[in-house]
Amino acid sequence: MRTVVITGGTDGLGKGLALHYLRHGARVIAVGSTPAKGAALRAEAAAESAADRATFLQADLTSVAATRELVARIQSASPTVDQLVLCAQRYRLFGPRSVTPEGFEHAFALGYLSRYVLSHGLRTALEGAPRPVILNVGTPGVPLGRLHWDDLQLERRYGGFKATLQAFRANDLLGAAYPSRYPNTPVRYVGYHPGVVSTGMPHHLPPPWRALTRATFAVLATSVPKAVAPMTHLLDEPPADAFSAYQRKRRLAVTGRAFDEAAAARLHEVTRELIGAG
Ligand SMILES: NC(=O)c1ccc[n+]([C@@H]2O[C@H](COP(=O)([O-])OP(=O)(O)OC[C@H]3O[C@@H](n4cnc5c(N)ncnc54)[C@H](OP(=O)(O)O)[C@@H]3O)[C@@H](O)[C@H]2O)c1
């Protein structure tokens, strides 16, 4: 039986994918920070007669230690992982800089470091599967934001948008670095931009922005079930290339500054040092 691991699998796009794969006979391990959302997903799985295939793992992915522990918990729940989907996200676009107890800026920790730890930590489990794939859901192809190499934790000049965009760009480089780290891996790494999708994301924004984002969603956004369809296609039929990027169904060129190989290698090394990775 296929095992699909989905961070942020309890809400929005991640939950849409979780329900899709539960309906299609896979085992789903959904990760989120809120137990009530995990219970709700399990109740929906039970209604689909899939309770025995739905696992919820609670973890706070702003913590590197908790993410590493999660890797171990996933491996003991399932030694092989067929598909890893990285969807966990919580934007803090406004308000002061927030730092995790481990000393990392919030967007860098949740949006990037957790994905780094999971992508590398679950590689061996993925390599045991026949067609392993990692789908890192973000905004590849969007020419906004950059790495602030001299101040990655944005201690000197913080801004919520700046931090969020930096984490997105770090994920572009995470994908770009993957094939050169593991030249012979069968794992296919796909960066994916889902377009504008109507999820619960605005709920966590301050009131005026919440209303504005909801109004924008009402006009522009795709529904979760519709947005999930091209994602499942890529997960079920991964591209031949070791690294690729898509905006919905459109394949993006993985060239240029966003996917620069030297910058990708540099970020990999800097990250290893930051989190003390072996
Ligand atoms: N929606 C869009 O229009 C859009 C556009 C472009 C890109 N994307 C990308 O698509 C992905 C999914 O977005 P979405 O809109 O579906 O998000 P969403 O509905 O807000 O769901 C976010 C998920 O992340 C989990 N999460 C948040 N903080 C966490 C933490 N500290 N530890 C563990 N889990 C955590 C949430 O669970 P808890 O609440 O329990 O923590 C929830 O399951 C994101 O990477 C986002 O950047 C979305």
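All values derive from a computational prediction rather than experimental measurement. (Residues numbered from 1 in each chain as written. Predicted model: local features only at pLDDT ≥ 70, side-chain atom pairs only at ≥ 80, totals over all residues. Heavy atoms only, no water.)

### Concerning the pattern of salt bridges
Using the criterion set out here, one finds 11 salt bridges in the structure. Its salt-bridge partner being E127, residue R123 comes within 3.1 Å of it at the nearest N-O pair. Here R123 pairs with E127, and both are found in helix α5 (residues 123–127), just 4 residues apart, close to one helical turn. With a relative accessible area of 22%, R123 lands in the partly exposed category. The class of E127 is partly exposed, set by a relative accessible area of 28%. A single salt-bridge network, built from bridges that share partners, covers R181, E269 and R272. (Salt bridge = Lys/Arg side-chain N within 4 Å of Asp/Glu carboxyl O. Helix = DSSP H or I, 4+ residues; strand = E, 2+ residues; numbered from the N terminus. Buried < 20%, exposed > 50% of the residue type's maximum accessible area, 1.4 Å probe, protein only.)

### A short note on helix α8 (residues 224–236)
With 13 residues, α8 extends 18 Å between its outermost C-alpha atoms, agreeing within 8% with the 18 Å of an ideal straight helix rising 1.5 Å per residue. Along its length, α8 shows its largest kink, about 25°, at P230. Residues of α8 that are buried: V224, A227, V228, P230, M231, T232, L234 and L235. Lining the buried residues of α8 we find α1 (12–23), β4 (83–86), β5 (133–137), β6 (188–193) and β7 (243–247). (Expected span 1.5 Å × (residues − 1). Bend = angle between axes of the 7 residues up to and from the residue. Contact = heavy atoms within 4.5 Å.)

### Some remarks on the sheet that holds β7
Across the sheet, 8 strands lie side by side as β3-β2-β1-β4-β5-β6-β7-β8; this open sheet has mixed pairing. Of all the strands in the sheet, just β3 (54–58) and β8 (250–252) have a single pairing partner and so form its edges. Each strand of the sheet is rotated relative to its neighbour by a mean of 20°, with strand direction disregarded. Here 5 bridges tie strand β2 (residues 27–32) to β3, and the two strands are oriented parallel to one another. Note on β3: the bridge partner recorded for V31 is L57. (Pairing = 2+ DSSP bridges. Axes fitted to C-alpha atoms, helices over the stretch in contact; angles between N-to-C directions.)

### Digging into the packing of aromatic side chains
In total, this model carries 10 aromatic pairs according to the counting rule given. Taking the centre distance of 5.0 Å and the plane angle of 65° together, the rings of Y178 and Y182 count as edge-to-face. Exposure class is identical for Y178 and Y182. Each is buried. An aromatic cluster is present here, built from Y178, Y182, Y189, F243 and F259 joined pairwise through their rings. Here R266 stacks its cationic end above the ring of W149, 4.1 Å away from the centre of that ring. (Phe/Tyr/Trp six-rings, centres within 6.5 Å; stacked < 30°, edge-to-face > 60°. Lys NZ or Arg CZ within 6 Å of the ring centre and 35° of its normal.)

### So, unusual backbone geometry
Although it is not a glycine, L154 adopts a positive phi angle of roughly 50°. Looking at where L154 falls in the secondary structure, it is placed in the loop between β5 and α6 (160–181). Taking the relative accessible area as the measure of exposure, L154 reaches 1% and is therefore buried. The backbone of R248 sits at a positive phi, close to 50°, despite the residue not being glycine. Looking at where R248 falls in the secondary structure, it is placed in the loop between β7 and β8.

### Considering the site of the ligand
Close contacts around the ligand come from 31 residues, with S33, T34, K37, Y91 and T199 the closest. A distance of 2.8 Å separates an oxygen atom of the ligand from a polar backbone atom of L13. The backbone of C87 places a nitrogen or oxygen atom 3.4 Å from an oxygen atom of the ligand. Here the ligand loses 95% of its free accessible area of 900 Å² to cover by the protein chains. Contributions of two or more residues to the shell around the ligand are made by α1 and α4 (106–121). For the shell around the ligand, the class distribution of residues is 13 nonpolar, 13 polar and 5 charged. (Near = heavy atom within 4 Å. Polar contact = N/O pair within 3.5 Å; in protein donor to acceptor, adjacent residues only side chain to side chain. Areas by Shrake-Rupley, 256 points an atom, 1.4 Å probe, with all protein chains shown as cover. Nonpolar A, V, L, I, M, F, W, Y, C, P; charged D, E, K, R; others polar.)

All we've got here are geometric facts, nothing functional implied.
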